[in-house]
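Listed below, chain by chain, are the residues.
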Amino acid sequence: MKINNRRFILTSFLLLLGILGFSQKKFATVTGKVVDENENPLSKVSVVILGQARGITTNDSGYFRVKVEADKAFALVFSYTGRKAEQKNFLLNEGEEETVTIRLEKSENTLQEVIVTDQRDRRETGLIRPNPKTILNLPSAVTGVESLIKIFVGSNNELTSQYSVRGGSYDENLIYVNDFEIFRPYLVRNGQQEGLSFINPEMVRNISFYNGGFQSKYGDKMSSVLDIQYKKSRRSGGSAYVGILEQGVQLEGSGKRSKFSYLLGVRNRSNRNLLSRQDTKGNYVPSSADFQALLNYQFNSKWQAELLSNISQTRFTLIPQFSQLTTSVFSPVFTATLGVDIYFEGREKDRYQTNMLGFALVNQPTKKLKLKWMASRFSNDESENIDITGAYLFGDRDFDKRNPTYGLIINPLGAGVFQNWARNELNMENWNISHKGNYEQGKHAWQWGLGYDRTSIADKLNEWEFQDSAGYALPYRPNLLQLSKQVRSNANLDVNKYSGYIQDNILLGDSSHSFTLSAGARFNYNSLNKEFIASPRIGASWKPASKKDIIYRLALGAYHQPPFYRELRRYDGTVNTSLKSQKSWQAVAGFDYNFIGLSSRPMRWTTEFYYKRISDAVSYDVDNVRVRYSGENNAKAYAAGIEMRLHGELVPDAESWVSIGFMKTAEDIRDDHYYRYKNAAGEYITAESSDQVVADSSRFDVGWLRRPTDRRITFGMFFQDYLPTNKNFRMFLNLLYGSNLPYNIPGAVRYRNAAVIEPYIRADIGFSALLVDDDRSRRRSHSPFRNFDNIWASLEVFNIIDRANTISYLFIKDFSNTVYLMPNRLTPRLLNVKIIARW
């Protein structure tokens, strides 16, 4: 009885608090009348508080009455079909009543754009379709579609457009633009050297990103597909944006009767302001520019042609001068702040040039049948020229500002000299001829395709590293000058690839209760290793007859990845032409749930569980953005996890995303082992001990280890909002978190991937103001802005928390031959200003 009394008292107390909280709210009232230009009352006019989903309408006499919260700025939006919307701002005291008269003028554009969407993005496993209009609004150091993708898959480097999906490497992702496959540069070592992404964000019409479980029609990679469709222009117009880091212009138009249309884009980017604030000081001269064109011609209702071209060039020059790295060591018995000062001589000069030309001919004989023939040429011409010498001093750094030695090395632990030298060239040319088709018959939608690729690769690799520690060359050999690393090879390869697929998409039921099934298979034959692989795939979705708008999804299949050039090359530069495909079997299950959120706005919740089992895996290491493969099918691996996403408009016309993932990926390298040695007393000793005699040894198998991409937790958020009284002042927040990553210690079998890169945390924020809106009736005839649709000004703060994220480590040895890891940091806080204009 006492327990029941306590519950009653607690419930009564909470209820009383709720009533008191509600009663403490202060209210005011807005009343008025809505009329037209002739003072005639307008009925059924929508009256909504800005930022809320629900409102009221005026009565037959045009009157309305709204109860609002007092002492708080707000805005009322009045809208009516065929008339211009009107906004009125208020700030009322408690009990105050304000009466207004609102006049709505006729609109020149009585027809509004209607967006028709289907349920494909809900029925297909792993499919995410973000709004391309948010790309330029996203505050990010790299402008592009890939920065938007990182919200869903995570990131550890803001300088690169590459990404890892569900434990896969950077080379496991497919990219298509208008059905043409896109390739990335291959010699890039770090994000500093990267230029513009191939995808021009202002030319994008549609984004389809699959993070797993994709259908047979997509190619032979293990992780993801990014399918981009460019716009097909139907009017004359364009856009331009100017920022500190990047500038671009896009033009579009069409000819008479809209038979011919064009879409042109020019971009330029320089990361000098971004890179000049990194730990390594020097003269950075990065530059990247590209030109893209999409031309369409409609011969008649059944035939059309398309031409897509791209010319891109990136140059990177670095004359380093000085680098100052610092890290802290904490232990129960030892605490120190260690640093290394490096003084440089020499330079690095890199060049990456990409050319692409694709032609497509589309024939649609009937409404049910569509045929497409494509031919393309893609070429990469890359060169690296590095000759940099560094002299370093390593030891305890003084961080006491009271001392004259503040910031200097006061207790040297090591000193030495190193030299990095490279003359690398890579020329790759890929020719493709392919055919795609689809045929719809009743509840079936058949899709098929055939393709032939010929890839020619000419690679000249010549690089070495020299290390001197305390006057001794490493590795130390008496009376012999030894290089610590040397790679030299020449490779000329011609590879023929044949591929194809067929699949059937079946839809049963109606909008309230449906079942879909997608079943298909693809094949691939590679003339280099003479391997034929087949990949069956099946996907299904089920929408039960329920009051809840929920769809369940499932996908199973084989995702085998034939080797490309980067996987073929071993650590020593030799090429393994007999390397087989990495074979992956994957399963994905999840659901997609639409509901009304707390803000009375429609929201979407997606959850997916996934599991990948990989055989014949090629082990690799990741250093910055450079992936170095073993060149052998020497491992087996797996990845398993869960991903959850929440998507919706917390306020009208402001799309936001939240994504969180939990994942584990590990690998077991075949015959990966090490030995431990004992002396005569049974004590473990090191193999290098010269004063000890080895009496016994024990072999230890390494077993399962974390893969280089084993990031257990990822979180991403893109949030938009605007002022409660003015939608023309907006805020954009981009937040990324990724837990720690393993990092490999070269040559240490026992401690493979034992080092740890700290969690990646980054927050970028942007503020935008609309300078010119789309209401041209208010502009004067001689105004220079009379032909613009809108002009936005943005202020962006990158890395607002100024976190020093780590991307890799520099290995330093002290006088006792102990190895220390000094972190290479990413970019600090930086301001960016951007102007975006559309016409």
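Residues numbered from 1 in each chain as written. Predicted model: local features only at pLDDT ≥ 70, side-chain atom pairs only at ≥ 80, totals over all residues. Heavy atoms only, no water.

A.B. asks: I would appreciate a short explanation of the nonpolar core in the present structure.
C.D. replies: Within soluble globular proteins, side chains that are nonpolar tend to cluster in buried spots. Ranked by size, the top nonpolar core spans 55 residues in total, and within it Val145, Ile199, Leu226, Ile228 and Tyr230 carry the most contacts. For this core, the element with the highest residue contribution is helix α3 (residues 145-153), accounting for 6 residues. Setting aside anything within four residues of it in sequence, one finds leucine 226 in contact with Val145, Ile149, Tyr163, Leu174, Ile175, Tyr176, Ile199, Ile207, Ser208 and Phe209. Counting residues in hydrophobic clusters, the runner-up holds 19 residues, among them Ile49, Val68, Phe74 and Ile102. (Core = buried A, V, L, I, M, F, W, Y, C linked by side-chain atoms within 4.5 Å. Buried < 20%, exposed > 50% of the residue type's maximum accessible area, 1.4 Å probe, protein only. Helix = DSSP H or I, 4+ residues; strand = E, 2+ residues; numbered from the N terminus. Contact = heavy atoms within 4.5 Å.)

A.B. asks: Just to check I follow, could you spell out the pattern of salt bridges for this structure?
C.D. replies: Note on pairing: side chains with opposite charge can pair once their charged atoms come close. Considering all chains together, one arrives at 44 salt bridges under this definition. The closest approach of N and O atoms between glutamate 37 and arginine 83, which form a salt bridge, is 2.8 Å. Placement of the pair is glutamate 37 in the loop between β1 (27-35) and β2 (46-49) and arginine 83 in strand β6 (residues 83-90), with a sequence separation of 46 residues. Residue classification places arginine 83 among the buried positions, given a relative accessible area of 16%. The structure contains a network of salt bridges with shared partners spanning Arg122, Arg166, Lys543, Asp549, Arg553, Asp592, Arg604, Glu608, Glu643 and Arg645. (Salt bridge = Lys/Arg side-chain N within 4 Å of Asp/Glu carboxyl O.)

A.B. asks: It is not clear to me how the sheet that holds strand β5 (residues 74-80) should be interpreted in this structure. Could you clarify?
C.D. replies: Sheet strands line up and pair through hydrogen bonds in the backbone, either parallel or antiparallel. With antiparallel pairing, 4 strands are arranged side by side in an open sheet as β3-β2-β5-β6. Pairing within the sheet leaves two strands with one partner each, and these edge strands are β3 (55-57) and β6. Averaged over all pairs of adjacent strands, the angle between strand axes in this sheet comes to 20°, irrespective of strand direction. Two strands pair when backbone bridges link them, and β2 and β3 are joined in this way by 3 bridges, in the antiparallel orientation. Bridge pairing in β3 places serine 46 opposite threonine 57. (Pairing = 2+ DSSP bridges. Axes fitted to C-alpha atoms, helices over the stretch in contact; angles between N-to-C directions.)

A.B. asks: It is not clear to me how the sheet that holds strand β8 (residues 127-128) should be interpreted in this structure. Could you clarify?
C.D. replies: Overall, mixed pairing links the 5 strands, which are arranged β8-β11-β12-β9-β10 in an open sheet. With one partner strand each, in any of the chains shown, β8 and β10 (180-181) form the two edges of the open sheet. When strand β11 (residues 204-210) meets strand β12 (residues 224-230), the two strands line up antiparallel, connected through 6 bridges. Note on β12: the bridge partner recorded for phenylalanine 209 is leucine 226. Set on the sheet, α3 makes contact with β8, β11 and β12; between it and β11 the angle comes to about 30°.

A.B. asks: Got a minute to help me understand α3 in this structure?
C.D. replies: One turn of the α-helix equals 3.6 residues, which is why residues spaced by three or four share an orientation. Most of α3 sits inside the fold, with 9 of its 9 residues counted as buried. Within α3 the residues assigned to the buried category are Val145, Glu146, Ser147, Leu148, Ile149, Lys150, Ile151, Phe152 and Val153.

A.B. asks: What should I look at first to understand the packing of aromatic side chains in this one?
C.D. replies: Working definition: an aromatic ring pair is given by the centre-to-centre distance plus the angle between the planes. Counted under the stated rule, the structure contains 30 aromatic pairs. Pairing tryptophan 542 with tyrosine 552 gives two aromatic rings, centres 5.9 Å apart and planes at 25°, and the pair type is stacked. Of this pair, tryptophan 542 sits in strand β25 (residues 531-543) while tyrosine 552 is found in strand β26 (residues 549-558), placing the two residues 10 residues apart along the sequence. Among the residues examined, tryptophan 542 registers a relative accessible area of 40% and is labelled partly exposed. Ring centres of tyrosine 674 and phenylalanine 700 lie 5.5 Å apart, and the angle between their planes is 15°; this geometry places the pair in the stacked category. Residue tyrosine 674 is found in strand β33 (residues 673-678), and its partner phenylalanine 700 is found in strand β35 (residues 696-701); the two are separated by 26 residues along the sequence. Through a chain of ring-to-ring contacts, the aromatic side chains of Phe183, Phe198, Phe378 and Phe564 assemble into a single cluster. One Lys or Arg, lysine 436, reaches over the ring of tyrosine 176 and ends 5.7 Å from the middle of that ring. (Phe/Tyr/Trp six-rings, centres within 6.5 Å; stacked < 30°, edge-to-face > 60°. Lys NZ or Arg CZ within 6 Å of the ring centre and 35° of its normal.)

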